[in-house]
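Spelled out, the chains give:
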Amino acid sequence: MTTTTEIKFSDSAQQQVQEILNQYPADKSKSALLPLLHLAQAEFDGWLSAPVMDYVASILNIQPIEVYEVASFYSMFNLKPVGKYLIEVCQTSSCWMNGSEDIVRYLERTIQAETGQISPDGMFQIKTVECLGSCGTAPMFQIGDKFYENLTFEKIDTILDDLRKENKRSRYV
Amino acid sequence: MSKKLLLTYDHIPGINTLEVYRQNNGYKSLEKALKTMKSDDIVEEVKKSGLRGRGGAGFPTGMKWSFLAKPEGVPRHLVCNADESEPGTFKDRYLMERIPHLLIEGMIVSSYALGANTSYIYVRGEYFYIIKILQNAIKEAYAAGLLGKNILGSGYDLDLYVQPGGGAYICGEETALLESLEGKRGNPRLKPPFPAVAGLWGRPTVVNNVETIAAVVPIVNFGGEEYAKIGIGKSTGTKLISASGHINKPGVYEIELGVPVEEFIYSDEYCGGIRNGKKLKAVVAGGSSVPILPTELILKTAKGEPRLMSYESLSDGGFATGTMLGSGGFIAMDEDTSIVKNLFTFARFYHHESCGQCSPCREGTGWMEKILKKFIDGKATMSDIDLLWDVQSKIEGKTICPLGEAAAWPVAAAIRHFRHEFEEYVKNPQSIHDVKHYFRLNNLVEA
C-alpha cells in the first residue's frame with residue numbers, strides 16, 4: 001500500500017498531464033478531471049484510492065470532494081483494488097441474446113471466482129457491465145482498451161492463457 | 001450521387017490514414033468550404049439538405065445551427081457527441097474506427113460554419129482504443145496544416161481535442177455531456193437556457209452526433225439540394241444502421257432512408273434474414289429506448305402499407321402501432337426470444353444509468369427492474385403487470401431529461417404488444433427456463 005507522500009505521477013505521466021491541461025482555457029482546468037482520473041487509475045494499480053484522488057485534486061487545485069463525487073459517478077473508475085485483468089462482460093440485450101450469461105458462468109468457473117471477486121491468483125476479476133457498443137459482434141467483453149468479440153469458450157481459453165503469460169495490468173489509457 | 005455517402009471508402013485498406021483518405025476525395029469539402037464558401041453559406045447548405053440529427057432525436061441540424069448565439073467577443077464551441085451508448089447502437093464506433101478523418105473533416109468544416117476556434121470530440125471512455133485512433137488522425141491533420149493556425153492558408157484557426165468520458169450513458173444527453181466535459185458528474189441541466197446560448201463553460205455551443213457531423217462532408221461536397229434528393233420525404237440522405245440480434249449478417253449498414261424494413265431484414269445486401277432458419281418475432285428498430293414492435297407491425301404499418309426505414313414511416317401509427325428510427329440501433333429477435341427477459345436487460349440498463357437527479361426516474365427505473373426480476377424468477381402475479389404499467393406511466397414527462405422516457409417506453413411497448421407473454425410467465429413460471437436463447441455457444445453444463 002502506498003502512502004500519500006509516495007503518490008506522484010511518473011515523468012511520462014506528468015508530461016501527459018501538461019498536454020491534457022493545454023486542451024482547455026487556463027481558468028477551466030477542472031475539465032481535465034476525467035482524463036486525469038483515467039491516467040491516475042492507469043498509473044496507480046488500476047484503482048483510485050482516496051490519497052490518489054486527493055493528489056489529482058491538488059494538481060487541479062480543486063477540493064477533494066469534487067474528485068470523489070465525480071469518481072463515484074462514472075462506472076469506469078474503480079474505488080477498490082481490482083484484479084490485474086478486469087474482465088468487463090457486456091450483458092445488455094444483443095449480448096444477452098447471444099449468450100452473455102453463459103460467458104459469465106464460463107468465466108467464473110475458469111478463473112475460480114464469482115463476478116466481482118478477484119481470482120485466487122490475483123490475475124482476474126469479472127465485472128458485468130452495460131452495453132459497450134459491440135452488439136453486432138456479440139457476445140463480448142472488454143479488458144483494458146481491448147474489445148474481445150464474437151466470443152466462444154475456446155476463444156476465452158486462449159485469451160486468458162495469453163494474458164497469464166503477458167502478466168501486465170490492463171489499462172484503458 | 002451514389003447511395004453511400006459516408007461509407008463509400010470504408011473497405012479501402014489504409015483509409016484510416018490521412019494519405020489514403022486524401023487519395024479518395026478526403027478533405028475536398030474542407031478545401032471547398034474554406035476557399036469558396038462563407039460560414040453562413042455552409043449553414044444554408046445544411047438547412048437545404050434537410051439533415052436531421054443522427055444521434056436519435058432527429059432534430060433538423062441546420063435549424064439547430066441557426067440557433068447558435070453569436071455575442072461579440074465570446075468564444076463559441078462545437079462539441080461532437082461520440083458518447084454512443086444506446087444499447088443496439090455501434091455505428092459511430094464503426095465510423096470513427098474505420099474512417100477517423102471523415103469525422104475530423106466534418107468537425108473542421110462544421111466548426112468553420114459555426115465560427116468555433118476550439119472544438120471537442122467527447123468519446124465514451126469505454127472506446128479508449130477509438131480515442132487513440134482519433135488522436136493519431138488529429139496529429140496527422142495538424143502536421144498537414146488541416147488543423148491549427150491558418151488552415152490551408154485561409155486565415156481560419158481551429159484546435160480540435162478528444163475528451164474521454166468515464167462510463168455513463170447519461171452523458172449522451174447533450175447537457176450532461178457538457179457537464180462531464182467541464183469535469184463534473186453527468187447530471188443533465190434544466191433547459192432553457194439551451195446550449196446554443198449557454199453551453200460549454202456558459203458559452204454558445206452546438207452539440208452534434210458523430211454521424212451528423214460526418215454527413216456535413218457530402219452535403220458540402222455535393223450541395224444541400226443534391227443531398228435532399230436522396231432518401232424519402234423529410235427523411236433525407238442516408239443513415240447508418242447498426243444491425244444486431246438474431247440475424248445472419250450483423251453489422252453497420254449505410255442505407256438510403258426509405259428502404260423497406262422487410263428488404264433490410266431479409267435481403268442479402270443487408271441483414272441476410274434470420275439465423276438458423278427461424279422466424280422473426282420482434283424488432284427494436286432504433287435503439288433500446290424505442291418501442292419494440294412485433295413482426296406484423298414492423299414489416300407493415302397498421303394501415304397495411306409496407307413499413308420503411310425512415311423517420312416518418314417507422315413512427316407511423318404513433319406508439320400504439322409504430323415506433324421510431326431513433327439512433328438506428330436495429331435489434332432483431334427470433335421466435336425463441338423471451339421479450340420479458342430482453343426487457344429485463346433494458347430495465348437493468350436504465351436503472352444502472354439513471355443519474356439519480358429526478359425522483360421519478362431514479363425510483364421508477366429501480367422499481368421496473370425489480371418487478372421484471374419477479375417475472376424472470378417466476379414469482380410475479382397478474383397484478384404485477386398492471387403495477388409495471390403504472391410505474392412506467394408515472395415517469396414519462398416528469399423528468400429533466402429524456403432518460404425517463406427512454407426507460408419507460410420499452411416497458412410500455414412490451415406490455416402493449418406482448419402482454420400474453422407476461423401472463424404466461426405468471427401462469428406457468430417454469431416456462432421462462434424453456435426459452436432457448438443461445439445459438440453460437442454450446443449450452444454450458446451447470447458447474
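Everything numeric here is computed off the predicted structure, so don't read it as measured data. (Residues numbered from 1 in each chain as written. Chains lettered and ligands numbered in written order. Predicted model: local features only at pLDDT ≥ 70, side-chain atom pairs only at ≥ 80, totals over all residues.)

Turning to the overall build of chain A, a few remarks are in order. Secondary structure assignment for chain A yields 7 helices and 4 strands. Helices (α) and strands (β) of chain A occur, in sequence order from the N terminus, as α-α-α-α-β-α-α-β-β-β-α. Along the longest, intermediate and shortest principal axes, the C-alpha atoms of chain A span 50 × 35 × 25 Å. The 173 residues of chain A split such that 40% are buried. (Helix = DSSP H or I, 4+ residues; strand = E, 2+ residues; numbered from the N terminus. Buried ≥ 20, exposed ≤ 12 C-beta atoms within 10 Å, placed from the backbone.)

Okay, the domain arrangement of chain A next. Per the domain assignment, the segments making up chain A are domain 1 (4-71) and domain 2 (85-166). Here the C-alpha centroids of domain 1 of chain A and domain 2 of chain A sit 29 Å apart. (Domains from an automatic or database assignment.)

Residues and elements named next belong to chain B. Helix α9 (residues 210-222) packs onto helix α3 (residues 39-49) with a crossing angle of 100 degrees between their chain directions and a minimal axis gap of 10 Å. Relative to α9, the element α3 is oriented roughly perpendicular. Across the interface between the two elements, Ile42, Glu45, Val46 and Ser49 of α3 pack against Val216, Ile219 and Val220 of α9. (Axes fitted to C-alpha atoms, helices over the stretch in contact; angles between N-to-C directions. Parallel < 35°, antiparallel > 145°, perpendicular 65-115°, else oblique. Contact = placed C-beta atoms within 7 Å.)

On to the domain arrangement of chain B. Residue and element names in this part refer to chain B. Under the domain assignment used here, chain B contains domain 1 (18-229), domain 2 (238-332) and domain 3 (339-434). The C-alpha centroid of domain 3 is placed 35 Å from the C-alpha centroid of domain 1. Tallying the contact residues gives 10 residues for domain 1 and 9 residues for domain 3.

The subject of this paragraph is the nonpolar core. All names here are of chain B. Core analysis: the biggest nonpolar cluster contains 179 residues, and Val79, Leu95, Val109 and Ala332 have the highest contact counts within it. Residue contributions to this core peak at 10 residues, all from helix α18 (residues 403-427). Filtering out sequence-adjacent residues up to four positions away, alanine 332 remains in contact with Gly245, His246, Ile247, Ile265, Cys271, Ile274, Leu280 and Val283. (Core = buried A, V, L, I, M, F, W, Y, C linked by C-beta atoms within 7 Å.)

Residue and element names in this part refer to chain B. Reading across the sheet, the 4 strands line up as β3-β2-β1-β4 and stay open at both edges, with parallel pairing between neighbours. Edge positions in the sheet fall to β3 (159-164) and β4 (205-209), since each has one partner strand and no second. This sheet shows a mean twist of 20 degrees between the axes of neighbouring strands, independent of strand direction. The pairing of strand β1 (residues 77-82) with strand β2 (residues 118-123) spans 6 bridges and is classified as parallel. Counterpart to alanine 82 in the pairing with β2 is valine 123. (Pairing = 2+ DSSP bridges.)

Let us look at the packing of helix α6 (residues 100-111) of chain A against helix α7 (residues 153-166) of chain A. Two quantities define a packed helix pair, namely the angle between the axes and the distance from one axis to the other. All names here are of chain A. Contact geometry of α6 with α7 gives a least axis separation of 11 Å together with a crossing angle of 40 degrees. On the basis of their axis angle, the class for α6 and α7 is oblique. Where α6 crosses over α7, the two elements pack in a sense that is right-handed. Contacts between α6 and α7 involve Tyr106, Leu107 and Thr110 on the former and, on the latter, Phe153, Ile156 and Leu160. Residue classes in the contact of α6 with α7 are distributed as 5 nonpolar, 1 polar and no charged. (Left-handed = near helix turned anticlockwise from the far one by under 90°. Nonpolar A, V, L, I, M, F, W, Y, C, P; charged D, E, K, R; others polar.)

A word on the environment of Lys149(B). All names here are of chain B. Here lysine 149 shows up in the loop between α7 (128-143) and β3. Take lysine 149: there are 11 C-beta atoms within 10 Å of it, and that puts it in the exposed class. Residues lysine 149 and asparagine 117, spaced 32 residues apart in sequence, show a C-alpha to C-alpha distance of 9.7 Å.

For the bond running from Ala138(A) to Pro139(A), omega is -5 degrees, close enough to zero to count as cis. Structurally, Pro139(A) can be placed in the loop between β2 (124-129) and β3 (141-143). Residues Lys191(B) and Pro192(B) are joined by a peptide bond in cis, for which omega reads -5 degrees. Considering the arrangement of structural elements, one finds Pro192(B) in the loop between α8 (174-181) and β4. The backbone of Asn167(A) sits at a positive phi, close to 50 degrees, despite the residue not being glycine. For Asn167(A), the position within the fold is in the segment after α7. Note on Asn167(A): 9 C-beta atoms within 10 Å, which makes it exposed.

Another point: helix α15 (residues 339-353) of chain B. An ideal rise of 1.5 Å per residue puts 21 Å on 15 residues; α15(B) measures up with 21 Å between its terminal C-alpha atoms. The buried fraction of α15(B) is high, at 14 of 15 residues. (Expected span 1.5 Å × (residues − 1).)

Here we take up the sheet that holds β2(A). Paired through backbone hydrogen bonds, the strands of a sheet run either parallel or antiparallel to each other. Residue and element names in this part refer to chain A. Judged by pairing direction, the sheet is mixed, and its 4 strands sit side by side in the order β2-β1-β3-β4 without closing on themselves. Edge strands, defined here as strands with exactly one partner in the open sheet, are β2 and β4 (146-148). Sheet twist, expressed as the average angle between the axes of neighbouring strands with direction ignored, equals 25 degrees. Sheet topology note: the strand β1 (residues 85-90)/β3 ladder contains 3 bridges and is antiparallel. Looking across to β3, one finds that valine 89 is bridged to phenylalanine 141. With respect to the sheet, α6 is in contact with β1, β2 and β3, its orientation differing from that of β1 by roughly 155 degrees.

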